[in-house]
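# Coordinate inspection notes
If you want the building blocks of each chain, they are given just below.
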Amino acid sequence: MANGRIAEFEKDIAELEQQIARLQVLAEQRGLDVADEIRILEQKLARLKEAAFRNLTAIERVQLARHPKRPYTLDYIARAFTDFIELAGDRAYRNDEAIVGGWARLEGRTVMVIGHQKGRDMKENLRRNFGMPHPEGYRKALRLMKLAEKFGHPVVTLIDTPGAYPGIGAEERGQAEAIARNLREMAALRVPLVSVVIGEGGSGGALALGVTDRILMFENSIYSVISPEGCAAILWKTAEARDKAAEALKLTAPDLAALGVVDEVIPEPLGGAHSDWDGAAQALRAALCRHLDELERLPVDELRQRRWQKFEAMGEWRVAGAAAS
Amino acid sequence: MSWFRKPERKLKAEEKRELPADVFEKCPRCGEILYRARLEQNLNVCPSCGFHLRLSAGGYVALLLDEGTFEERDGDLRSGDPLKFTDLKPYPQRLEAAERRPGSFGDAVVTGTGRLEGIGVCLAVMDFEFIGGSMGSVVGEKIARIGLVALERRQPLIVVSASGGARMQEGILSLMQMAKTSAVLARLHEARIPYISVLTNPTTGGVTASYAMLGDVNLAEPGALIGFAGPRVIEQTIKQALPEGFQRSEFLLEHGMVDAIVDRRELKRTIARLLRHMLGLPEAVAAGRTVDTAQAVGAGGEGAAPAGKDRAAD
């Protein structure tokens, strides 16, 4: 749930939006010309949104990334893609609904689209396990990626998970092995891969869909090795330090672009992706098409070579006695 | 009795307590008081109950490689502070403290080349004493580099893991080391170069969810904690106590996640036998074996297949 400063702003924004809507209805009913008044109110609304979304703190971005009205994978698939056919199951144990995937078209071209799927309400969340996959979810994802490879189509993944589920069944069925295998197999896949963090990029559970030629992030999404809450509890020994941990972890899209991990930050409509699903989906489609166009031109050996170099270059170290690399 | 003597006795007891700390160690499982020199000779395996106490990273190098063959690589790599991370302490201070500890290899892994029963191998051993064996950029880089050496030389890779997971102080860069190391393993896999992963107590988090689980053969030491999520996190999530033996090596063997549980005293010989199979080499001659297993005196497993033996013991 969004809270703090964002929630305050959102309340004000919602009030103003209602005011404009009421005015429009009133004008229509009585045949009045209120264009000027509406323009003034809309300007005020834009200023309010700008003020709210300029200089967001790390924890505010975390809240936006987890916003309950944010578009999820299937919302993007419905808007940015066409001709989607969902494919289910890992062919070994069960169909994990915390991950969805299937064939779809992106401006005509066939891609395999795979993503974490959160639930919109409690009932759906029980089915989707709040977007926290079990091993069978990752194995389904890998099956679909191999299918894409078999028929020579690119893979698009949408990342949005608090993390891989930490439970007894998940451990019994090899959560670690399922994630590890995806990392290795994605690194070797002979078709282009693009991942987009659309909301929460929660650690290994996110990375298991993230070993890709390009890594994109929505402006208000996050990607982190651990949740700010978890990090605060371990390193600061108190959950109260959540805001500090969020800041220290450098988990926002601009931070990650500065660290060289993310290839492109996709700007969100003013007011955040949750305020304009269509606008966000449009931005997603445009970015994906651009990157796929570039990647599909590369011969497969060069594509893989570049992918390996990309990940091999990640990290920062120094040689003892010398300056940082 | 006579309470006049009490201060005297106290003094004596203190003297006694100081001495044993260096000379004796108590087995955490059976409680046996062990003579430290004898314990070390037995590779830190309790001679009484077989419990595997922690062995240092340097200890594994000595255990696995033929004497005098180890050549360390990248021993001069040190962590940077890419995030300028400060929690209760600045990250560089934590690094300095870890590095000052005797036996440190500069970060949480030591890598190099050497011979194992005469077979040229590339080896990485994680050091749990260095910030909980956590994987940051240096761990990922050293493992990736030794993997590339294995690829170039077409020599088998052996990684001995012991880790609490990713190093939070390096944020996303630590997470990306999982991808980096797995990408190198993908290349080894395609080149059909053997990779043996040895999981020791404890191996959890990002290390388990990357190279530790990707062995052509995964070997676990007895009783090691191995998992993705730590037991505390799972307990907090599901709000119930975990079953006895959960996430221990024996549990992983039962659930098909490791190939075998191998007693530390049999580890070198087992790896050598596996490598000879995978590399298409003939079985070792008896004479060679005698020399190589000389250090595993007291193992009591002569001639027996270690994996089969351990399975039977379950």
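A quick note: this is a predicted structure, and the numbers were derived from the prediction, not measured.

The secondary structure content of chain B amounts to 12 helices and 10 strands. With 314 residues in all, chain B has 53% of them scored as buried. Contacts in chain B between residues at least 24 apart in sequence constitute 70% of all its contacts with a sequence separation of at least 6. Accessible surface, chain B: about 14,400 Å² in total, of which carbon and sulfur atoms supply 51%.

Here the amide bond leading from N201 of chain B into P202 of chain B is cis, since omega sits at -10°, within 30 degrees of zero. Relative to the helices and strands, P202 of chain B is located in strand β8 (residues 195-203). Of note in the backbone geometry, S203 of chain A takes a positive phi value of approximately 55° without being a glycine. Counting through the fold element by element, S203 of chain A comes out in helix α9 (residues 203-207).

The subject of this paragraph is the side chain of D263 of chain B. Residue and element names in this part refer to chain B. With respect to the helices and strands, D263 occurs in the loop between β10 (260-261) and α10 (267-279). By relative accessible area, which is 14% here, D263 ends up buried. Polar side-chain contacts of D263 include one of 2.7 Å to the side chain of R265.

All names here are of chain B. Each assigned domain of chain B is listed with its residue range as follows: domain 1 (1-53) and domain 2 (55-313). Across the contact, eight residues belong to domain 1 and nine residues belong to domain 2. When the buried area of domain 1 at its contact with domain 2 is split by residue, N42, L43 and H52 rank highest and sum to 71% of it. Where domain 1 meets domain 2, there are zero salt bridges. The residue makeup of the side of domain 1 that touches domain 2, split by class, is three nonpolar, five polar and no charged.

Now for the interface of chain A and chain B. How big an interface is tends to be expressed through the accessible area that disappears when the partners come together. If you look at the interface, chain A gives 50 residues, while chain B gives 58 residues. The junction of chain A with chain B conceals about 4,800 Å² of combined surface from both sides, 73% of it contributed by carbon and sulfur atoms. The interface formed by chain A and chain B includes two salt bridges. Residue E312 of chain A pairs with R187 of chain B through a salt bridge whose shortest N-O separation is 2.7 Å. If you list the elements that add at least two residues to the side of chain A that touches chain B, you get α7 (168-172), α8 (175-188), α9, β7 (222-224), α10 (228-236), α14 (300-312) and β9 (317-319) of chain A. Ranked by the residues each element gives to the side of chain A that touches chain B, the list is headed by α8 of chain A, at 10 residues. Of the strand pairs in this sheet, β9 of chain A and strand β4 (residues 77-79) of chain B are connected by three bridges, and their pairing is antiparallel. What sits directly across from R318 of chain A, in β4 of chain B, is R78 of chain B.

Now for the sheet that holds strand β5 (residues 109-116) of chain B. The pairing of strands in a sheet happens through backbone hydrogen bonds and is either parallel or antiparallel. Residue and element names in this part refer to chain B. With respect to topology, seven strands assemble into an open sheet ordered β3-β5-β6-β7-β8-β9-β10, the strand pairing being mixed. Where the open sheet ends on each side, the last strands, each with one partner, are β3 (71-73) and β10. As defined by bridge partners, strand β9 (residues 217-220) adjoins β10 across two bridges and the pair is classed as parallel. The residue bridging A220 from the neighbouring strand is I261, located in β10.

What follows covers the domain arrangement of chain A. Residues and elements named next belong to chain A. Partitioning chain A into domains gives domain 1 (5-55) and domain 2 (63-312). Measuring from the centre of the C-alpha atoms in domain 1 to the corresponding centre in domain 2 gives 34 Å. The interface is formed by six residues belonging to domain 1 together with seven residues belonging to domain 2. Of the roughly 550 Å² buried between domain 1 and domain 2 on both sides combined, carbon and sulfur atoms contribute 68%. Counting across the domain 1 and domain 2 interface gives zero salt bridges. Put simply, domain 1 and domain 2 have zero residue pairs in polar contact (both at pLDDT 80 or more) between them. Take the side of domain 1 that touches domain 2: its biggest share by element is four residues, from helix α2 (residues 35-53). Residue composition of the side of domain 1 that touches domain 2, grouped by class: three nonpolar, no polar and three charged.

Moving on: the pattern of salt bridges. Taken as a whole and judged by the stated rule, the model has 45 salt bridges over all chains. Taking the shortest distance from any N to any O, the salt bridge between D74 of chain B and R145 of chain B comes out at 2.9 Å. Here R145 of chain B lies in helix α5 (residues 137-153) and D74 of chain B lies in the loop between β3 and β4, a separation of 71 residues in the sequence. For R145 of chain B, a relative accessible area of 28% translates into the label partly exposed. Two residues, E221 of chain B and R264 of chain B, come together in a salt bridge whose shortest N-O distance is 2.9 Å. Taken together, the residues E221 of chain B in the loop between β9 and α8 (231-238) and R264 of chain B in the loop between β10 and α10 connect sequence positions 43 residues apart. When sorted by exposure, E221 of chain B lands in the same class as R264 of chain B, which is buried. Overlapping salt bridges bring together R66, K118, D160, E200 and E229 of chain A as one network.

Moving on, we come to the packing of aromatic side chains. Residue and element names in this part refer to chain A. All chains considered together, the criterion is met by four aromatic pairs over all chains. Ring geometry for Y76 against F218: centres 5.4 Å apart, planes inclined by 15°, an arrangement best described as stacked. Note that Y76 is positioned in helix α4 (residues 73-80) and F218 in strand β6 (residues 214-218), a separation of 142 residues in sequence. Like Y76, the residue F218 is buried in the burial classification. A cation over a ring is seen here: R120 above Y72, with NZ or CZ 3.8 Å from the ring centre.

What follows is about the packing of helix α1 (residues 5-30) of chain A against α2 of chain A. All names here are of chain A. At a minimum axis distance of 10 Å, the contact between α1 and α2 shows a crossing angle of 165°. Here α1 lies roughly antiparallel to α2, going by the angle between them. Seen from above, α1 lies across α2 with left-handed handedness. In this structure, α1 uses R5, F9, D12, I13, L16, E17, Q19, I20, L23 and Q24 to contact α2, whose residues at the interface are E37, I38, L41, E42, K44, L45, L48, K49, A51, A52 and F53.

Looking now at the nonpolar core. With 111 residues, the main nonpolar core has Y223 of chain A together with Y211 of chain B as its most contacted residues. No other element matches the 10 residues that helix α6 (residues 171-190) of chain B contributes to this core.

Residues and elements named next belong to chain A. Structurally, P133 is set in the loop between α5 (122-128) and α6 (135-150). Sequence separation between P133 and I198 is 65 residues; the distance between their C-alpha atoms is 16 Å. Those residues in contact with P133 that sit more than four places away from it in its chain are D96, A98, I99, H116, Y138, T161, G163, A164, Y165 and Q175.

About the criteria used
Residue numbering note: each chain is counted from 1, following its sequence as written. The naming scheme follows written order: chains are lettered A onward, ligands numbered 1 onward. Given that the model is predicted, a residue must reach a pLDDT of at least 70 before its local features are reported, and side-chain atom pairs must reach 80 or more before they are shown or counted; all residues, however, enter totals for whole chains, interfaces and linings. Each side-chain value is worked out from all heavy atoms of the structure, with water and hydrogens disregarded. Labels follow the DSSP assignment, with helices taken as runs of H or I lasting at least four residues and strands as runs of E lasting at least two, numbered in each case from the N terminus. Here the term buried applies to any residue with accessible area under 20% of the maximum for its type, exposed to any over 50%, and partly exposed to those in between, with areas from a 1.4 Å probe on protein chains only. When checking whether two residues touch, look at their non-hydrogen atoms; a contact exists if any pair is within 4.5 Å. Using the Shrake-Rupley algorithm and a 1.4 Å probe, accessible areas are obtained, with residue cover drawn only from the displayed protein chains. Within 3.5 Å is the distance limit for a polar contact, defined as a pair of N or O atoms, with the added protein rule that one can donate a hydrogen and the other accept it, and that residues adjacent in sequence qualify only through two side-chain atoms. Here the limits of each domain have been adopted from an automatic or database domain assignment. Summed over both partners, buried area is the accessible surface (1.4 Å probe) that two parts give up on being assembled. Note on definitions: salt bridges are taken to be side-chain nitrogens of Lys or Arg within 4 Å of carboxyl oxygens of Asp or Glu. Each residue is assigned to one class: nonpolar for Ala, Val, Leu, Ile, Met, Phe, Trp, Tyr, Cys and Pro, charged for Asp, Glu, Lys and Arg, and polar for all the others, Gly among them. The criterion for strand pairing is that DSSP finds at least two bridges linking the strands in question. Whether two aromatic rings pair depends on their centres lying within 6.5 Å, for rings of Phe, Tyr and Trp, where Trp uses its six-membered ring; planes under 30 degrees apart make the pair stacked, over 60 edge-to-face, and the rest tilted. Lysine NZ or arginine CZ positioned within 6 Å of the ring centre and within 35 degrees of the ring normal marks a charge as sitting over the ring. Every angle, taken between N-to-C directions, lies between 0 and 180 degrees, and every axis is a line fitted to C-alpha atoms, over only the stretch in contact when it is a helix. An angle below 35 degrees is treated as roughly parallel, one above 145 as roughly antiparallel, one from 65 to 115 as roughly perpendicular, and anything else as oblique. Two helices cross in a left-handed way if the nearer one is turned anticlockwise from the farther one by less than a right angle. They cross in a right-handed way if the turn is clockwise. Residues enter a nonpolar core if they are buried and are Ala, Val, Leu, Ile, Met, Phe, Trp, Tyr or Cys, with the set joined through side-chain atoms within 4.5 Å.

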